[in-house]
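Per-entry structural report
The residues making up each chain are set out below.
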Amino acid sequence: MNWGSPAEFFAMGGYGLYVWGSFGVCAVLMIVEPILASRRRSDILRSLRRESLADKLDSQ
Amino acid sequence: MSNNKIIHWFKFASPQSFYPLAGKMIPWFWGLTAVFLIPGLWISFFVAPTDFQQGEGYRIIFIHVPAAWMSMFIYLVMATWAGLGLALNTRLSGMMAQALAPTGAIMAFLSLWTGALWGKPMWGAWWVWDARLTSALILFFLYIGFIALQAAIDDARRADKAGAILALVGVVNVPIIYFSVKWWNTLHQGASVSLTKAPTMATTMLWGMLLMALAFWMYSIAVALTRVRAIILEREAHTEWVKELDEVKA
């Protein structure tokens, strides 16, 4: 184990800004990207559903 | 026998059969991402010892190297799909290339970003115009150019063709990035891991990096499959099979 305390862990031996700046941005992008990708699918699904409903109403 | 196999593969090359297959594969790739990421992060922060020269700052390589590898690898896969689309005119190929580009761009960005955050404390500069950094920046611009070019052309098939040509021309940049540290005198260090000789780093660090690289790889597949499903629906919106999907009829 490298760290005596949580404070030591977050300080990263004085490199905290650089280490957490790297891992933080990486984490944010890797959380946001899948959300955007699945939202893109739910957007197109919503408009497809609307279209299919409109078709159904037309044929009635 | 072999004929059947060919038919089998071409079957999955159609958007109609790939769409449900991709849907089934996505949870597995998320699972694999977690399987590699958790021990990868554990090693990165708790097992790998402090570097005697770079202190704790070196821990950035646990994401820098995987991101840089993926940025190059995704480009090669994207260009392969684009080239297949150009040669065989298969519908799915262009969609796969389009689905990979944003993930590749993010990996290229992350390699530059984490590289800058490592460079500042270690070299004293966020950025230098050396061959490795410059060619990695060009890779990022190639991704952006590919995305922008495709977005600028309304007709999807023509957009695929134009994008494919850009992607294929840009492939020349990938070996330039890879060999830049050998060909030129760069500030960037040489490869820590190569196919031809033993790695020049401690085993625990190497394991951490490989696990993180596998996690990034599985992540890239999961997110690209999610995106390709959206693209398939967008492009095949007016086909019968899409109208017959349970998630559309409901």
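Residues numbered from 1 in each chain as written. Chains lettered and ligands numbered in written order. Predicted model: local features only at pLDDT ≥ 70, side-chain atom pairs only at ≥ 80, totals over all residues.

The helix and strand tally for chain A stands at 2 helices and 0 strands. The C-alpha radius of gyration of chain A comes to 23 Å, more than 25% above the 10 Å expected for a compact globule of 60 residues. Principal-axis analysis of the C-alpha atoms gives chain A an extent of 70 × 20 × 15 Å. For chain A, the proportion of its 60 residues judged to be buried stands at 20%. (Helix = DSSP H or I, 4+ residues; strand = E, 2+ residues; numbered from the N terminus. Rg over C-alpha atoms; globule rule 2.2 N^0.38 Å. Buried ≥ 20, exposed ≤ 12 C-beta atoms within 10 Å, placed from the backbone.)

The number of helices and strands found in chain B is 10 helices and 0 strands. Shown N-terminal to C-terminal, the secondary structure of chain B runs as helices and strands in the order α-α-α-α-α-α-α-α-α-α. Across the 250 residues that make up chain B, the buried fraction comes to 38%. Relative to all contacts within chain B whose residues are 6 or more apart in sequence, the contacts with residues 24 or more apart total 77%. (Contact = placed C-beta atoms within 7 Å.)

Once that is clear, we can look at the environment of Ala 101 of chain B. Note on placement: Ala 101 of chain B falls in helix α4 (residues 91-123). Setting aside anything within four residues of it in sequence, one finds Ala 101 of chain B in contact with Met 78, Tyr 143, Phe 146 and Ile 147 of chain B.

Core analysis: the biggest nonpolar cluster contains 74 residues, and Met 78, Ala 97 and Val 228 of chain B have the highest contact counts within it. Listed by contribution, the elements that provide at least two residues to this core are α2 (16-59) of chain A together with α2 (15-47), α3 (61-88), α4, α5 (131-152), α6 (156-170) and α8 (203-235) of chain B. Residue contributions to this core peak at 19 residues, all from α8 of chain B. Beyond its immediate chain neighbours, meaning those up to four positions away, Ala 97 of chain B contacts Met 78, Trp 81, Ala 82, Gly 85, Gly 163, Ala 164 and Ala 167 of chain B. (Core = buried A, V, L, I, M, F, W, Y, C linked by C-beta atoms within 7 Å.)

The next point concerns the interface of chain A and chain B. Facing the 26 residues of chain A at the interface are 32 residues of chain B. Tallied by class, the residues present in the side of chain A that touches chain B amount to 15 nonpolar, 7 polar and 4 charged. (Nonpolar A, V, L, I, M, F, W, Y, C, P; charged D, E, K, R; others polar.)

Of note, the phi angle at Met 12 of chain A is positive, near 50°, even though the residue is not glycine. You can see Met 12 of chain A is positioned in the loop between α1 (6-11) and α2. One non-glycine residue, Asn 89 of chain B, lies in the positive phi region at around 60°. Structurally, Asn 89 of chain B is set in the loop between α3 and α4.

Next up on the list: the packing of α3 of chain B against α6 of chain B. Residue and element names in this part refer to chain B. One can describe the packing of α3 onto α6 by two numbers: an axis separation of 9 Å at closest approach and a directional angle of 130°. One finds that α3 runs oblique with respect to α6. Seen along the crossing, α3 lies across α6 with a hand that is left-handed. From α3, Met 78, Ala 79, Ala 82, Gly 83, Gly 85 and Leu 86 reach across to α6, where they touch Asp 160, Lys 161, Gly 163, Ala 164, Ala 167 and Leu 168. Class assignment of the residues belonging to the contact of α3 with α6 gives a composition of 7 nonpolar, 3 polar and 2 charged. (Axes fitted to C-alpha atoms, helices over the stretch in contact; angles between N-to-C directions. Parallel < 35°, antiparallel > 145°, perpendicular 65-115°, else oblique. Left-handed = near helix turned anticlockwise from the far one by under 90°.)

Taken by themselves, the reported measurements are silent on function.
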